[in-house]
Amino acid sequence: MGGFPILSVMLLVPLLGAIACLFLDAKPARMVALLATLIDLALGIVLWANYDIGGAQWQFTESAGLFAGFDYALGIDGIALMLIMLSVFLMPICIGASWEAITKRVGEYMAAFLLMEVLMIGVFAAQDIFLFYIFFEAGLIPMYLIIGVWGGQNRIYAAYKFFLYTLLGSVLMLIAMLWMVNEAGTSSIPVLMEYDFAPEAQTWLWLAFFASFAVKMPMWPVHTWLPDAHVQAPTAGSVILAGVLLKLGGYGFIRFSLPMFPDASAEFGWLVWGLSMIAVVVTSLIALVQADMKKLIAYSSVAHMAIVTVGLFAFNVQGLEGAMMIMLGHGLVSGALFLCVGVIYDRLHTREIDRYGGLAINMPAYAALFMLFTMASVGLPGTSNFVGEFLALAGIYQVNSWVAFVCTTGIILGAAYMLYLYRRVVFGIQKNADAAAMPDLSMREYLLLGPIAAAVLWMGVYPESFLAPMRADIEILDTRLATAAPESDAQLAIGEGAPIEEDLSHGGAH
Amino acid sequence: MNSILIIVFAPLLAAIIAGLGGRIIGHTAAKVLTTGALFLACGLSWPIFLSFVGGDAQASVLPVLKWVQSGDMTFDWALRVDTLTAVMLVVITSVSALVHLYSWGYMDEDPDQSRFFAYLSLFTFAMLMLVTANNLVQMFFGWEGVGLASYLLIGFWYKKPSANAAAIKAFVVNRVGDLGFMLGIFGTFLVFQTTSIPEILAAAPAMQGSTITFMGARWDTMTILCLLLFIGAMGKSAQLGLHTWLPDAMEGPTPVSALIHAATMVTAGVFMVCRLSPLFEAAPAALAVVTIIGAATCLFAATIGTTQWDIKRVIAYSTCSQLGYMFFAAGVGAYGAAMFHLFTHAFFKALLFLGAGSVIHAMHHEQDMRYYGGLRKKIPFTFWAMMFGTLAITGLGIYDLHIGFAGFWSKDAILEVSYAAGGHGTGAFWVGAFAALLTSFYSWRLMFLTFWGKPRWIESEHIQHAVHHGHDEPEEANPASQEDSGHDVAHTVPDPAHGDGTGGYHPHESPLTMLVPLGILSIGAIFAGQFFAGSFLDSASFWNGSIAYNAELMHAMHEVPKWVKYTALVVMLIGLFLAWLAYIRSTDLPRKTAEQLGPIYNFVFNKWYFDELYNLIFVKPAFWLGRIFWKKGDEGTIDRFGPNGVAWVVERGSHYAKSVQSGYLTSYALIMLLGLVAAITWVLF
């Protein structure tokens, strides 16, 4: 790539687009937004194609000193690359999903989305801890606006909750960052990732970061902002919220908590496991009784994110890679599920499950795609989510079989609430004339859902494309965690074993 | 050996084209494509199987694509072909091809035919992936894939609430088993550091006697691993406790019941135990559990089978019971016998189901045997097919003459080998013998109620509907019922004056596309045992290491006392006699017996109240807990004391409510900015 500052360009394109959108009418604003996001997608593909697997840990680095050790430093490793790809892939889809649904203040709306893209790419690319902080916290402002301005009936309450929870975490995290920079004498993330903080300090730092990341994740019991935010957000807002913003928490754990505070991470493993186990069971059961489609999927997200956290805190390669794969897979699948809700919401303007039914009759193509995403959500092998869940659960099993057992019950509960949702919306008889009269997918909707469907299957059948860029980075992290990692509860004790030559003739004699 | 690629992927390709392009290419093209793909796969499978029977084939593994590599854990897409796979290949592709053909007639005029055929082919693909798996994860892929296809096909008539409920139940109950399977895979990886089946099997004996902690308790490693995997097998193969989905699965179209819920998918559990037999051999305690569960299921399902009126449910419980035989055969270490019963069962059970479908077709979708009777002369071809199927399942055969129907060879072998094995096997022998009596009874009961006696059709609502409306109106819930409209019956004049119980209805034989599969399967039900008994039971070279073949045990099987060898025949004749007595000789005997038995009869008739129990202890509490966690937990506690509590405090303090939105945003940005300023200041000093 030579010295071409591709990451900066990826930030600049949507930023310029956002500024342009503020001054444009609805139609040109849509075109500009689409164009900007498509350019970023193209740049993302170039980025991925030029990423040197097995090369340097940090690639495409750029740095410009600002003041007082606070640098404008960008650079990515494989983990950041994958999350950037997820963001730039979902963004044009979000613009497409808002094409007809948003009619008021379109310019501002598109500007908010483009700004969010800038900030999301920035979060994943930032190599300076303060730069990260700015992107991390500011990314919530456009989201806050999207819910607050273009949201549903109860948007103020939702935006308020969103704000309150976020505030709780970010203040503590900022203080922790200040202390760290002061202690280590640098604000560079790569350096901090290798810095050994004193164990006592790690405890407090870990807790401060945890407060922020647990909210973003979200982990039980600080998850209650998510269902409200999803329900009130416009479709595209939900897509980006579930698709990318929920991954900030996981990214935070993998970039900060685990490598910077390995001892504290191990020390608090039980806390993460416990909260995750509760989340899997409790939020899955709550999802089962929801009457609102978006709320149901929101609660299911909490349950899925809990598998991410147990994977991360399994302290082994399978757990970490599994967690990353769930983040990517869930980003696609939950995004697609919210789009599926959006498709019928745009037609009937209700999210109430019971108002639908029998859609397989009048919307067969919709039914087929919705089925694919439902199956991906329940982790059917061959889809993206299976790879992630399987690896994450396999990872935690190596450490603690109780946690693995409780979290694996999620596959039963997940199947129950998703199939129950699907049955009520798509199967059965046509109860309401207006729902029965809804037309099948339009070409625009095909273009939104089709690429995600392809990506979901690709990730399920050949996940190597996604695992390979992250492999070296996960290994580095795994090595860093090795000394702190808890011991397996399995305590395999080898017995005498049967002599090999006798093994098959033994049978029947017992 | 690359024909395996075509065998496995032709059905997938056909399924994709028929499923996505069915509306464009039309029903006929979709049907030709899927059925053609299956006959092609079938045509390629038999030579592979026969080359193993001939003994001149070797196991092979064909790598297809990299799948996952994560640290030490790697598993790839690959197609394994050995004897065990070859047996499954012919079973799956043969029954599937015939069921595809049969569905031309059965599903004729269904508006969603191409979708149906696409699902059938998709199922076949997933099942083939399962049996060709060379690692546990690909097996799990096939395992879940067939579960998906089963879910889609049970719920094929998606307007029917009962079909939807049955579909979800099947998927969710199977997931309970899959929980065990998944934990089993994780545990296997923990112990062996691989998911490759051959590597695990090679390493298993060395792990015998080791111990491990699982969920806080100390276990024998092999025992806990095998038990976890066996829970998966119990779910898929509908064994006692996880069987409740199978009878409900009969909501699906009958060809589906024949293919998925009798011949192939439900046998996946048996296949898994046989595939992993060296692993199970290292875990005697787990094998004892397999034997006990198998025997218990075998008996329990047979008792229920004797009381049901729905023709498909009788056969469904029969399937459940026969799977029990396969499991306890595996449990005593006779994997060859288990696979042999799987093989013969596939033919005769598919035959029985398809025959039942033909009866249902003739009786205008009436499934209640109380409204059948006297059909022998009306649908003679179906009758003879069902007859062969019944003779096969009840196991008619004479040991000393070396002659018998397919089921005789395999069931007799299982009973003999259980007896020979001793220990738990002896108990399984007696249970199996009694269940064989019940098998004979319910099978002949089905035959007598359906084909003998006087017609009782007039009482059936379906028949009345047919006669009075001349089949003009398709039944809302069941689009397939249109298939027989238009021809002979449509001209029937309603004639309430008929005193012969027919109600003026004229059943008619099914079309050729349905009869040909019945004919071919009949051949299988008659000869499959005779032809292949030697290979399956007595030939270690046939199995060639693909299962843990115990030559000593298989030899001992032939040395059991003569009375053991004749047990199967004797109990079969007793069952036949009892059925004749109750349903032909004195037809009020069943009613009287039922009245006398009272509560016991009700207990059995209501399927041992498993559904009610599970509803009470799992389903209802799940919804109840969900509501509690939501209303009392999230809203009543977390929100109340969390965000709402803070809001309340804030509101009390400063009437902050106005222009909340912009207010929060500004303050938020302000805090961030202040923080940064503080940060910079701190760093500067």
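Conventions used here
- Residues numbered from 1 in each chain as written.
- Chains lettered and ligands numbered in written order.
- Predicted model: local features only at pLDDT ≥ 70, side-chain atom pairs only at ≥ 80, totals over all residues.
- Heavy atoms only, no water.
- Patch = residues over 30% accessible without salt bridge, like charges linked within 9 Å, V, L, I, M, F, W, Y side chains within 5 Å.
- Areas by Shrake-Rupley, 256 points an atom, 1.4 Å probe, with all protein chains shown as cover.
- Salt bridge = Lys/Arg side-chain N within 4 Å of Asp/Glu carboxyl O.
- Helix = DSSP H or I, 4+ residues; strand = E, 2+ residues; numbered from the N terminus.
- Contact = heavy atoms within 4.5 Å.
- Buried area = accessible area lost by both parts, 1.4 Å probe.
- Polar contact = N/O pair within 3.5 Å; in protein donor to acceptor, adjacent residues only side chain to side chain.
- Nonpolar A, V, L, I, M, F, W, Y, C, P; charged D, E, K, R; others polar.
- Pairing = 2+ DSSP bridges.
- Disulfide = S-S within 2.5 Å.
- Buried < 20%, exposed > 50% of the residue type's maximum accessible area, 1.4 Å probe, protein only.
- Axes fitted to C-alpha atoms, helices over the stretch in contact; angles between N-to-C directions.
- Parallel < 35°, antiparallel > 145°, perpendicular 65-115°, else oblique.
- Phe/Tyr/Trp six-rings, centres within 6.5 Å; stacked < 30°, edge-to-face > 60°.
- Lys NZ or Arg CZ within 6 Å of the ring centre and 35° of its normal.
- Core = buried A, V, L, I, M, F, W, Y, C linked by side-chain atoms within 4.5 Å.
- Left-handed = near helix turned anticlockwise from the far one by under 90°.
- Expected span 1.5 Å × (residues − 1).

Another aspect to go through is a nonpolar patch on the surface. All names here are of chain A. Taken together, the side chains of Leu12, Leu15, Leu16, Ile19, Leu22, Phe23 and Leu115 make up a nonpolar region of the molecular surface, amounting to roughly 670 Å² of accessible area. Considering each element in turn, the nonpolar patch owes the most residues, five residues, to helix H1 (residues 6-22). Secondary-structure assignment places Leu12 in helix H1.

Accessible area lost on assembly of the parts is the figure often given for the size of an interface. Across the contact, 97 residues belong to chain B and 103 residues belong to chain A. When chain B packs against chain A, close to 8,900 Å² is buried across both sides, 72% of that on carbon and sulfur atoms. Applying the counting rule to chain B against chain A returns one salt bridge. On the surface where chain B and chain A come into contact, there are 16 residue pairs in polar contact (both at pLDDT 80 or more). Among the elements that line the side of chain B that touches chain A, the one with the most residues is helix H5 (residues 161-192) of chain B, at 18 residues. Residues that form the side of chain B that touches chain A fall into these classes: 63 nonpolar, 20 polar and 14 charged.

So, on to the pairing of strand E4 (residues 217-220) of chain B. Side-chain positions along a regular strand alternate between the two faces of the sheet. Where strand E3 (residues 211-214) of chain B meets E4(B), four bridges bridge the pair, whose relative direction is antiparallel. Looking at the pairing, B:Thr211 lines up with B:Asp220 of E4(B).

What the rule picks out here adds up to zero disulfides over all chains. With no disulfide of its own, A:Cys94 has A:Cys340 as its nearest cysteine by sulfur position, at a separation of 14 Å. Here B:Cys226 stays free of any disulfide, with the sulfur of B:Cys274 as its closest cysteine sulfur at 13 Å.

Turning to the pattern of salt bridges, a few remarks are in order. Throughout the structure, instances matching the rule amount to 23 salt bridges over all chains. Between A:Glu108 and A:Arg105 there is a salt bridge, with the nearest N and O atoms lying 3.9 Å from each other. Here B:Glu144 makes a salt bridge to B:Arg175, at a shortest N to O gap of 2.5 Å. Here B:Arg175 lies in helix H5 and B:Glu144 lies in helix H4 (residues 136-154), a separation of 31 residues in the sequence. Like B:Glu144, the residue B:Arg175 is buried in the burial classification. Here the salt bridges share partners, and the residues they tie into one network are B:Lys169, B:Asp248, B:Arg313 and B:Asp611.

Turning to the packing of helix H15 (residues 380-394) of chain B against helix H17 (residues 424-451) of chain B, a few remarks are in order. Residues and elements named next belong to chain B. Contact pair H15 / H17: the axes reach a minimum separation of 9 Å and the direction vectors enclose 170°. It follows that H15 is roughly antiparallel to H17 by the angle criterion. Counting all contacts with H15, which are made through Thr382, Phe383, Met386, Met387, Thr390, Leu391, Ile393 and Thr394, the residues of H17 involved are Thr439, Ser440, Ser443, Trp444, Leu446, Met447 and Phe451. Taken together, the residues of the contact of H15 with H17 sort by class into nine nonpolar, six polar and no charged.

So, about the packing of aromatic side chains. Evaluated as defined, the whole model comprises 88 aromatic pairs over all chains. Plain terms: the ring middles of A:Phe132 and A:Phe256 are 4.6 Å apart, the flat faces sit at 45° to each other, and that makes the pair tilted. One end of the pair, A:Phe132, is in helix H5 (residues 129-138); the other, A:Phe256, is in helix H12 (residues 247-260), with 124 residues separating them in the sequence. The exposure class of A:Phe256 is buried, given its relative accessible area of 0%. One Lys or Arg, B:Arg445, reaches over the ring of B:Trp309 and ends 4.8 Å from the middle of that ring.

Core analysis: the biggest nonpolar cluster contains 457 residues, and B:Tyr151 and B:Phe343 have the highest contact counts within it. In this structure, B:Tyr151 is in contact with A:Met371, A:Met375, A:Leu419, A:Tyr422, A:Phe427, B:Ala167, B:Ile168 and B:Phe171, ignoring residues within four places of it in sequence.

Residues and elements named next belong to chain A. Within the element layout of this structure, Gly55 appears in the loop between helix H2 (26-50) and strand E1 (59-67). Taking the relative accessible area as the measure of exposure, Gly55 reaches 31% and is therefore partly exposed. For the pair Gly55 and Ala472, spaced 417 residues apart in the sequence, the C-alpha separation amounts to 8.9 Å.

Turning to the packing of helix H15 (residues 293-312) of chain A against helix H21 (residues 410-426) of chain A, a few remarks are in order. All names here are of chain A. Axis separation between H15 and H21 bottoms out at 11 Å; the angle between their running directions is 165°. Between H15 and H21, the crossing angle belongs to the class labelled roughly antiparallel. Classified by chirality, the crossing of H21 by H15 is left-handed. Touching Met293, Leu296, Ser300, Ala303 and His304 of H15 are Tyr417, Met418, Leu421, Arg424 and Val425, all from H21. Here the residues of the contact of H15 with H21 sort into seven nonpolar, two polar and one charged.

All names here are of chain B. Following the sequence through the fold, Thr188 ends up in helix H5. Residue class for Thr188 comes out buried when judged on its relative accessible area of 0%. At a separation of 2.4 Å, a polar atom in the side chain of Thr188 contacts the main-chain carbonyl oxygen of Gly184. What Thr188 contacts, discounting residues up to four positions off in sequence, is Leu136, Gln193, Thr194, Ile200, Leu225 and Leu229.

Residues and elements named next belong to chain A. Taking 1.5 Å of rise per residue, the 32 residues of helix H16 (residues 317-348) would be expected to cover 46 Å, and the 46 Å separating its terminal C-alpha atoms lies within 8% of that figure. In terms of burial, H16 is a largely internal element, 29 of the 32 residues being buried. Directly beyond the C-terminal end of H16, a positive phi value near 55° is found at His349.

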